[in-house]
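Chain and residue survey
What follows is each chain in one-letter form.
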Amino acid sequence: MEIKNFTITKRDGSKDRFSLDKIMNAITKAFESVDEPADLGTISKIISHLDIKDDIKVEDIQNQVEVALMREGYYKVAKSFILYRQEHTEDRETLEKMMFLSEYMESMNAATGSKYDANANVEHKNIATLIGELPKSNFIRLNRRLLTERIKKMYGKQLADEYIDKLTHHFIYKNDETSLANYCASITMYPWLIGGTLSIGGNSTAPTNLKSFCGGFVNMVFMVSSMLSGACATPEFLMYMNYFLGKEYGQDYYKRANEQADLSLKKRTLDKIITDYFEQIVYTLNQPTGARNYQAVFWNIAYYDKYYFQSIFGEFYFPDGSQPDWDGLSWLQKRFMKWFNKERTKTLLTFPVETMALLVDENGECKDKEWGEFTAEMYSEGHSFFTYMSDNADSLSSCCRLRNEITDNGFSYTLGAGGVSTGSKSVLTINLNRCIQYAVNNKMDYLEYLGEVIDLCHKVQMAYNENLKELQDHGMLPLFDAGYININRQYLTIGINGLVEAAEFMGLKITPNDEYKAFVQGILGLIEKYNKQYRTKEVMFNCEMIPAENVGVKHAKWDREDGYFVPRDCYNSYFYVVEDDSLSVIDKFKLHGAPYIEHLTGGSALHMNLEEHLSKEQYLHLLKVAAMEGCNYFTFNIPNTVCNKCGHIDKRYLHECPECHSKDVDYMTRIIGYLKRVSNFSQARQEEAARRFYAHAEK
Amino acid sequence: MLKYVNTGVVFQEIPDEVTLAINISGCPCRCPGCHSQYLWEDIGLPLNTEALDDFIERFGNDITCLAFMGGDADPKGVCMLAEYIHETYPQFKVAWYSGRLRLPANIKKTDFDYVKIGPYIRHLGPLKSPTTNQRLYRQTEDGEFEDITYRFWRKVAL
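Structural notes, computed from the coordinates.

All names here are of chain B. Read across the open sheet, the 8 strands follow the order β3-β1-β2-β4-β5-β6-β7-β8; overall the sheet is mixed. Of all strands in the sheet, those with a lone pairing partner are β3 (45–46) and β8 (145–147), marking the two edges. Of the strand pairs in this sheet, strand β7 (residues 135–139) and β8 are connected by 3 bridges, and their pairing is antiparallel. When the bridges of β8 are listed, Gln-139 appears paired with Phe-145. In this fold helix α2 (residues 75–88) packs onto β4 (65–69) and β5 (93–97), with an angle of close to 165 degrees to the strand it touches most, β5.

Shown next, in the form of structure tokens:
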């Protein structure tokens, strides 16, 4: 071997001058450690086997030394050398963790400090969040290993390597890789109503009265959430509560809400008793939870108009043979919304995320006038919630963002209402901006290239599904076995990110125009084609524009580092450019209208950012606009002001606290599904929130 | 000839309506402290019935009202356009933001569903200020004009 002036690449990526002495030293030490004599001749012989190229990595040299030692028959020395390396690797990992630990402690907030999974849902950083943060890198490794082993078995090593390659080069992103649990689910509570939590490992029997329902509900949601990595939706919450209220106080209880219903000295009215239960449940579920890395559970509920209610619960029977009562539920839904909206002026309450399901006619009018008007009224009173509108009760959004087709509206005496069950087992996201730029830069047809990536994603998801089945076969997924989640109603989700940025790279204008529409349809249509192709009796795929607090920032950063065109620091999770102030409110509804979302089977909610609250009449008209444009899932987002000095919460967007006149104010806004303080978002995302355009009056 | 510079969908200008505001240039009022001085010049595209047809083709029933922001150099022209909208597209309301103290005598007020009058006077403030000199009127069913300026003053915390 000829020794020239080589450079080597160190573990941290930096370069250093190649030093033969260092290698000789290491080899000599390995001989000494096992009391094996090492003369210069032996060592030279070993070194002569090494093939040193310029910029070689330290690890590669060490690998070659191992092989060379064995080739010369020094097995004991080789073993010692290998063990020595391993010790150092472990040491380095611990050192890295210690570095992370001190960086985390110094960071601005929990989301910025989090290395792997920045999430605004963690409000404080403390020892509990740190404990949750530390094993995340191990989970990522474990998940990748589990998945690649399965891919190898199903599709061969080449595809497994391809997956890791695309993942590490950020063409795709595996969501929630830091958790072992399947993603999110909208559950049916019927198994709990019949059998309590015994079947999922708890110790409580079925709820029998209002008190045991409200108390048990909280425990049940905690248990379910600890077995999911994402959200838990309980679309039947108020319907069941209405049932227990009826059993306790008579089906017409709401007509007597102002009567005293309490013999205590407080002499509470029935209304007060009901709102006290709301308070107990909502405040408890908003607490940070130990089992979930000190995050609150991601809790979602749904409201229905009369038509949705009939379609989903028309065939429903409670265990006592009675059917749900619409009039009572209608009252209770309204009571809850009014109470929750008011409560939010006292405390920042993130959960539940609420979705209103409304059926509309062909003229865009709400079929249930009373509930259409109530929806507009609640928006005008500053309440923040999602609305899902459909001209057919064949789909529903009961999760914070997931839309599902209701294929089974039937009722079963073991599983309850079929229509409420849905969820996503796992999300695998395609970085469209990178994929398309890579294809175009390499003179490939971008749709053809994208097709390969999409196909890979489907195979990876199929492999994930097999792993999930194995977990289930070993009794590890009681939520499925006990019927809380219907595995056949769970999707494997293909996420997309960077769509707008890819379109901008292609030179398209992001406005309602035919070229952009064709671009969007071409890509989403292709994903849907594969979704259908891979669909079997036991697997279903959907496509979702993922909310991108965390991934959008990462993709922008990685793509920029690798020299791609990156027009902003956080990729959009909408079909329009969030900071573009030339688009009107109407344009935004159009850009989330039927032609754009038709292939987005997993849904995407339009977050309509407004600077000021509108009147009920204006909201009512915008509901109609949304219906006519076919924008079926949206919310209005007006930043609420929180005073950092006196704690006052105001539903308006203000620069000064109206109570104490302090200018030290923070804002609560909805960036993903969740209403959070802007200061809890990771740093990059805060910048996005500040740039975001809130449509305002021009004059 | 009336010219407009741009348009925007707005919510605060006309209460309870979703309004397409048409910003008209060549404003003769020249109020000291004007926030839209770019509208003083004679710039932009012709504002005629074809332009209105284009707006309505683009926005359709997504809006409920069209508002002429300015146009005081040619009140008669604004009036004719308002009449055109009401005749051709009766589903839309028509509003006029004028900077004059009162509407000229030859204007048929009933062509407008909403009329804002009054120049911007800095120390009295804009419509949102309770001391403002400006007034917004809405035409009632019997053709009378009702002062609804108070709608801008609602300052209750929601």
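This part takes up the state of the cysteines. Taken as a whole and assessed by the stated rule, the structure comprises 0 disulfides over all chains. Summary of cysteine pairing: Cys631(A) is not part of a disulfide, and the nearest cysteine sulfur, belonging to Cys366(A), is at 14 Å. As a non-bridged cysteine, Cys65(B) has Cys79(B) as the owner of its nearest cysteine sulfur, 15 Å distant. For Cys65(B), a relative accessible area of 0% corresponds to the buried category.

Further remarks concern the sheet that holds strand β1 (residues 7–9) of chain A. Hydrogen bonds along the backbone pair up the strands of a sheet, which may run parallel or antiparallel. Residue and element names in this part refer to chain A. Here 3 strands make up an open sheet; going across it, the order is β2-β1-β3 and the pairing mixed. The open sheet terminates on both sides in strands that have one partner only, identified here as β2 (15–17) and β3 (56–57). Both β1 and β3 contribute to a ladder of 2 bridges, which runs parallel. Bridge pairing in β3 links Thr-9 to Lys-57.

This part takes up the pattern of salt bridges. Residue and element names in this part refer to chain A. A complete count under the given rule lists 51 salt bridges over all chains for this structure. Asp-650 is the partner of Arg-652 in a salt bridge, and the nearest nitrogen-oxygen pair spans 3.0 Å. For Arg-652, a relative accessible area of 19% puts it in the buried group. Taking the shortest distance from any N to any O, the salt bridge between Glu-656 and Lys-663 comes out at 3.3 Å. Classification of Lys-663 as exposed rests on a relative accessible area of 63%. Each of the salt bridges in this network shares a partner with another, and the network as a whole consists of Asp-262, Arg-268, Lys-272 and Asp-276.

Before going further, it helps to spend a moment on helix α17 (residues 446–473) of chain A. For α17(A), which comprises 28 residues, the first-to-last C-alpha distance of 40 Å matches the rise-based estimate of 40 Å (1.5 Å per residue) to within 8%. For α17(A), the capping residue at the N-terminal end is Asp445(A), with a side-chain oxygen 3.1 Å from the backbone nitrogen of Leu447(A).

Here we come to the packing of aromatic side chains. Residues and elements named next belong to chain A. For the structure shown, the criterion picks out 56 aromatic pairs over all chains. Taking the centre distance of 5.8 Å and the plane angle of 40 degrees together, the rings of Phe-100 and Tyr-104 count as tilted. Of this pair, Phe-100 and Tyr-104 both sit in helix α4 (residues 75–106), 4 residues apart, which is roughly one turn of the helix. For Tyr-104, a relative accessible area of 3% translates into the label buried. Relative to Tyr-449, the ring of Phe-171 has its centre 6.4 Å away and its plane inclined at 65 degrees; by these criteria the two rings are edge-to-face. Residue Phe-171 is found in the loop between α8 (157–168) and β4 (172–174), and its partner Tyr-449 is found in helix α17; the two are separated by 278 residues along the sequence. In this structure Tyr-449 comes out as buried when scored by relative accessible area, which is 6%.

What counts, and at which threshold
Residues numbered from 1 in each chain as written. Chains lettered and ligands numbered in written order. Predicted model: local features only at pLDDT ≥ 70, side-chain atom pairs only at ≥ 80, totals over all residues. Heavy atoms only, no water. Pairing = 2+ DSSP bridges. Helix = DSSP H or I, 4+ residues; strand = E, 2+ residues; numbered from the N terminus. Contact = heavy atoms within 4.5 Å. Axes fitted to C-alpha atoms, helices over the stretch in contact; angles between N-to-C directions. Disulfide = S-S within 2.5 Å. Buried < 20%, exposed > 50% of the residue type's maximum accessible area, 1.4 Å probe, protein only. Salt bridge = Lys/Arg side-chain N within 4 Å of Asp/Glu carboxyl O. Expected span 1.5 Å × (residues − 1). Polar contact = N/O pair within 3.5 Å; in protein donor to acceptor, adjacent residues only side chain to side chain. Phe/Tyr/Trp six-rings, centres within 6.5 Å; stacked < 30°, edge-to-face > 60°.

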